[in-house]
Amino acid sequence: MTNGSSQGLFVVVAIVIFGIFVLISYLLFKDNLKPSLSRIFNDSLEQSADYLTGVANQEYLNFSTTNGNGINGLTSSAYNEDGSIKKNLKTLALPNTIRGRDLQTIDFTNSGTKFQGVEKIVGNSNLNRVTSTANMRSNTILELDFSKTKVTNLGVQYFLRDNTSIKKLTLGEHFTSFGYAPFQNSVLEELTLTNKTPITDLSNGFFNLPRNQITLNAPKELEEQLKSYESRFKKVNYY
């Protein structure tokens, strides 16, 4: 027998022995393996569906009615065993409904750390209210995209005050009011407006604005109203 034949036979024998070992292990531990394999399969199937639709499965969202029908963070099932967030939820695109109701609110005020791991939140077309992030303890969110929402205002006051993570905010065409000092002591770097109708409270909205820190993007229709505030921004782009 040649060296090549000997090596080939050795490989075949090794594969057979390994196969027998796997079969015996399965027969001995199949009852324990079934739940784990089922969980792995279900998680993979759900994450694949989320990737295809681009919208988060509502089972990962913590339902809340404190400030209207909506969410105040994620459930424990949104995280892996090591505590890291599931990859498909780093960008959290909200569904239009939750538990058979329109998802209309993001309650940051009562969220604590329940958004930890999320890097971007994309609002849905039913969203019409967001509460202040002042008490939120999640520090991974970098961007809020409310461009497709019905959000008209950022609450009464201090929407991003003292927030240390959110650097980009986009507001939708229904937006009309900032509230009082929404960006005070925040790290916001880019604010994009898409509404073409005047904002009612610019003086309050731009009160205590971090000077020369934020780039403002706004429709040309707002240029006349915004012109006297341009010096407060790092850069202003009209489109």
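Report on the accompanying structure.

Quick notes on the rules
Residues numbered from 1 in each chain as written. Predicted model: local features only at pLDDT ≥ 70, side-chain atom pairs only at ≥ 80, totals over all residues. Heavy atoms only, no water. Salt bridge = Lys/Arg side-chain N within 4 Å of Asp/Glu carboxyl O. Helix = DSSP H or I, 4+ residues; strand = E, 2+ residues; numbered from the N terminus. Buried < 20%, exposed > 50% of the residue type's maximum accessible area, 1.4 Å probe, protein only. Patch = residues over 30% accessible without salt bridge, like charges linked within 9 Å, V, L, I, M, F, W, Y side chains within 5 Å. Areas by Shrake-Rupley, 256 points an atom, 1.4 Å probe, with all protein chains shown as cover. Pairing = 2+ DSSP bridges. Axes fitted to C-alpha atoms, helices over the stretch in contact; angles between N-to-C directions. Core = buried A, V, L, I, M, F, W, Y, C linked by side-chain atoms within 4.5 Å. Contact = heavy atoms within 4.5 Å.

**Details of the pattern of salt bridges**
Summed over the entire model, instances satisfying the criterion amount to 3 salt bridges. Between Glu 143 and Lys 168 there is a salt bridge whose closest N-O contact spans 4.0 Å. With a gap of 25 residues between them, Glu 143 in strand S9 (residues 143–146) and Lys 168 in strand S10 (residues 168–171) connect regions that are remote in the sequence. Residue classification places Glu 143 among the buried positions, given a relative accessible area of 16%. Lys 168 gets classed as partly exposed once you look at its relative accessible area, which sits at 29%. Between Asp 162 and Arg 161 there is a salt bridge; the shortest N-O distance is 3.9 Å. For Arg 161, a relative accessible area of 28% gives the class partly exposed. Members of the salt-bridge network, linked through shared partners, are Lys 120, Glu 143 and Lys 168.

**A look at a nonpolar patch on the surface**
A cluster of nonpolar side chains, contributed by Val 12, Val 16, Ile 20, Ile 24 and Leu 28, occupies part of the molecular surface with about 470 Å² of accessible area. When you line up the elements, Val 12 lands in helix H1 (residues 3–53).

**Overview of the sheet that holds strand S13 (residues 235–238)**
One open sheet accounts for 7 strands, arranged S3-S7-S9-S10-S11-S12-S13; its pairing is parallel. Of all the strands in the sheet, just strand S3 (91–93) and S13 have a single pairing partner and so form its edges. Between one strand axis and the next, the sheet turns through 10° on average, direction left out of account.

**Describing the nonpolar core**
General note: in soluble globular proteins, nonpolar side chains tend to be found buried as a group. Core analysis: the biggest nonpolar cluster contains 48 residues, and Phe 108 and Phe 178 have the highest contact counts within it. Counting only elements with at least two residues in this core, the list comes to strand S1 (61–64), strand S2 (70–74), S9, S10 and strand S12 (215–218). Discounting chain neighbours no more than four positions away, the residues touching Phe 178 are Leu 154, Gly 155, Leu 171, Phe 183, Leu 191, Leu 193, Ile 199, Asp 201, Leu 202, Gly 205 and Phe 206.

**Some points on the pairing of S10**
Examined bridge by bridge, S9 and S10 share 4 bridges and lie parallel to one another. Among the inter-strand pairings, Leu 144 is bridged to a residue of S10, identified as Leu 169. Both S10 and strand S11 (residues 190–192) contribute to a ladder of 3 bridges, which runs parallel. Considered in S11, the bridge of Lys 168 is made with Glu 190.

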